[in-house]
Amino acid sequence: MEAPAIAPAELRALLDKQAISEVVLRYCRGIDRMDRELVRSCYHPDASDSHGSFEGSREEFLAWVWRLLERYESSMHLVGNLLVEPVGDVARAETYGIAFHRGRSEDPRLNLVTGFRYVDRFERRAGEWRIARRVAVTEWVRQDDPARRWPIPAGMRRGARDASDAIYEVLSHS
Amino acid sequence: MEAPAIAPAELRALLDKQAISEVVLRYCRGIDRMDRELVRSCYHPDASDSHGSFEGSREEFLAWVWRLLERYESSMHLVGNLLVEPVGDVARAETYGIAFHRGRSEDPRLNLVTGFRYVDRFERRAGEWRIARRVAVTEWVRQDDPARRWPIPAGMRRGARDASDAIYEVLSHS
Amino acid sequence: MEAPAIAPAELRALLDKQAISEVVLRYCRGIDRMDRELVRSCYHPDASDSHGSFEGSREEFLAWVWRLLERYESSMHLVGNLLVEPVGDVARAETYGIAFHRGRSEDPRLNLVTGFRYVDRFERRAGEWRIARRVAVTEWVRQDDPARRWPIPAGMRRGARDASDAIYEVLSHS
């Protein structure tokens, strides 16, 4: 059978889905590396975020989440299922994820693993897709068992929240 | 160096991979939100599914999996690695995933986390990619420790299996 | 609003990102199915890999990782966030993942779950994207609790490291 011909609208949708997916991934990078400008750039200036007990504007969200992040030694927001449905200049994007938090102390509230979904309304403005409205849905919360946590062996490269993280080196070598 | 020119067949393959990936993601959404029509639409009418102890047709699978799903308060099928290899109107698609099940009781058999792979044969018929044959491969099964599960704090948005889930609201606001 | 026109460079970037993502996914398949040629084909011949305590060339990495893999009954490298940033013939690719290892014995060192990131420098040579430099970053390490592991019920299809794995059957049926 002949493969179906390609309509330009199909390619446009593909590019839009990719652009939107990358915003979600840059958000995760921004949170985990604590790159505030990167997180900010994922939202339109008038965006709102509903995140657990929090509800507010982009700037309020940044202030709130940064206070939380500072209590952790590290975080990892692994996301999977990224289903993006654009309709013109608006899109629905659902993302499944697991967040791993390691506290600066053994306080169990700071050592949680959570299953979540980001449910986002994206809007394209001036050619750029960003979050206009995010609702973070909690699926489950589990306490990390400190007795089962292994120290990362000395000499192993680990993640950082500053310019020493490995991702900032990749393109600097030739 | 000059970037390689783009062949139409490359774009066709890209669109096919995207279409197939979205079927897998819609399947997960359909299961987790218990949207039966959505799950049904992922399979060709004569498709078969081999799922753990189950082996049968699309309709038999739907009946079987719905009986299971009703025993849970919620499920979350997070998928990662989605490697799609189309060859004409047939494609091999492998998907890695983790499924989190929360039972309606503390029965450990209803509170399992499983690592799995979906190994799918997709076929394009009348221009539409759907599953023709699925084999679900189990990688590992772990019992969830109820003592480590934290209740989702009141006031936090959680997932639902009906029209109250957040994904049904995204496009309704303007 | 009119959807933005499509520039060929956008499509080229999309194809490059897809090609690079598939290398990462083939790497995971190669490791988990123990397909040595598949893993080898993900790297340029002069590539280097920094992997926990290991640092060396492609061939040294293969020798090292195969010795490790043989101690396990199975492994599963689930990856999510795959953020690829091509700049001409070079690209930065970051991948988040979780690796599940099941040892041939109950030795806790062989039954670990790890959170990691692959931080890769890809290069396109003779039209083909492959890893030129990989740094594996460890985010966390957890010991699997043997008491919570459930045996995979008899009759359930499970993963294999040879031609009996389900992925090798998909395209052979018609």
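In what follows, the structure referred to is the one given above.
Analysis parameters
- For every chain, the first residue of the written sequence is number 1, and numbering continues from 1 onward in sequence order.
- For naming, the first written chain is A and the first written ligand is 1, with later ones following in the order written.
- With the structure being a predicted model, the display of local features is reserved for residues of pLDDT at least 70 and the display and counting of side-chain atom pairs for 80 or more, all residues being used for whole-chain, interface and lining totals.
- Side-chain descriptors were evaluated using all non-hydrogen atoms of the structure, hydrogens and water having been removed beforehand.
- The criterion for an aromatic pair is that two Phe, Tyr or Trp rings (for Trp, the six-membered ring) have centres within 6.5 Å, with stacked assigned to planes under 30 degrees apart, edge-to-face to planes over 60 apart and tilted to the rest.
- Remark: exposure states derive from per-residue accessible area (1.4 Å probe, protein chains only) relative to the maximum for the residue type, with buried under 20%, exposed over 50%, and partly exposed in between.
- Comment: elements are numbered from the N terminus, with helices defined as DSSP H or I runs of at least four residues and strands as E runs of at least two.
- Working rule for contacts: check all heavy atoms of both residues, and any pair within 4.5 Å makes them a contact.
- For the purposes of these results, a polar contact is taken to be a pair of N or O atoms within 3.5 Å, where, inside protein, one atom must be able to donate a hydrogen and its partner to accept one; residues adjacent in sequence count only when each atom of the pair is a side-chain atom.
- Here the buried area means the combined drop in accessible surface, using a 1.4 Å probe, for two parts upon being joined, counting both sides.
- By salt bridge we mean one thing: a side-chain nitrogen of Lys or Arg within 4 Å of a carboxyl oxygen of Asp or Glu.

Participant: Requested: an account of the packing of aromatic side chains, with residues and values cited.
Facilitator: Each aromatic ring pair is described using two quantities: the centre-to-centre distance and the angle formed by the ring planes. Scanning all chains against the criterion turns up 24 aromatic pairs over all chains. Pairing B:Phe54 with B:Phe61 gives two aromatic rings, centres 5.8 Å apart and planes at 55 degrees, and the pair type is tilted. A relative accessible area of 10% means that B:Phe54 is categorised as buried. On the basis of an interplanar angle of 55 degrees and a centroid distance of 5.9 Å, the ring pair of C:Tyr43 and C:Phe61 is categorised as tilted. With C:Tyr43 in strand E1 (residues 43-51) and C:Phe61 in helix H3 (residues 58-69), this residue pair connects regions lying 18 residues apart in the sequence. For C:Tyr43, a relative accessible area of 1% gives the class buried.

Participant: Give a description of the environment of A:Glu85 that names residues and reports values.
Facilitator: Looking at the secondary structure, you find A:Glu85 in strand E3 (residues 72-87). By relative accessible area, which is 25% here, A:Glu85 ends up partly exposed. In this structure the C-alpha to C-alpha distance between A:Glu85 and A:Phe100, which are 15 residues apart in sequence, comes to 28 Å. Setting aside anything within four residues of it in sequence, one finds A:Glu85 in contact with A:Val90, A:Ala91, A:Arg92 and B:Arg29. Within the local environment of A:Glu85, its side chain forms a polar contact with the side chain of B:Arg29, the two groups lying 3.2 Å apart.

Participant: Give me the interface of chain C and chain A: which residues, what numbers.
Facilitator: How big an interface is tends to be stated in terms of accessible area lost as the parts join. Between chain C and chain A, the contact holds 47 residues from the first and 44 residues from the second. The contact between chain C and chain A buries some 3,900 Å² in all, and 61% of this surface belongs to carbon and sulfur atoms. The tally of links between chain C and chain A comes to eight salt bridges. Among the salt bridges present, the one from A:Arg29 reaches C:Glu85, with a minimum N-O distance of 3.2 Å.

Participant: Give me the lowdown on the side chain of B:Thr138, citing residues and values where you can.
Facilitator: Looking at the element boundaries, B:Thr138 is found in strand E6 (residues 128-143). The contacts of B:Thr138, once residues within four sequence positions are left out, are B:Gly115, B:Phe116, C:Ile152, C:Met156, C:Arg157, C:Arg158 and C:Gly159.

That's the geometry; what it means functionally is another story.
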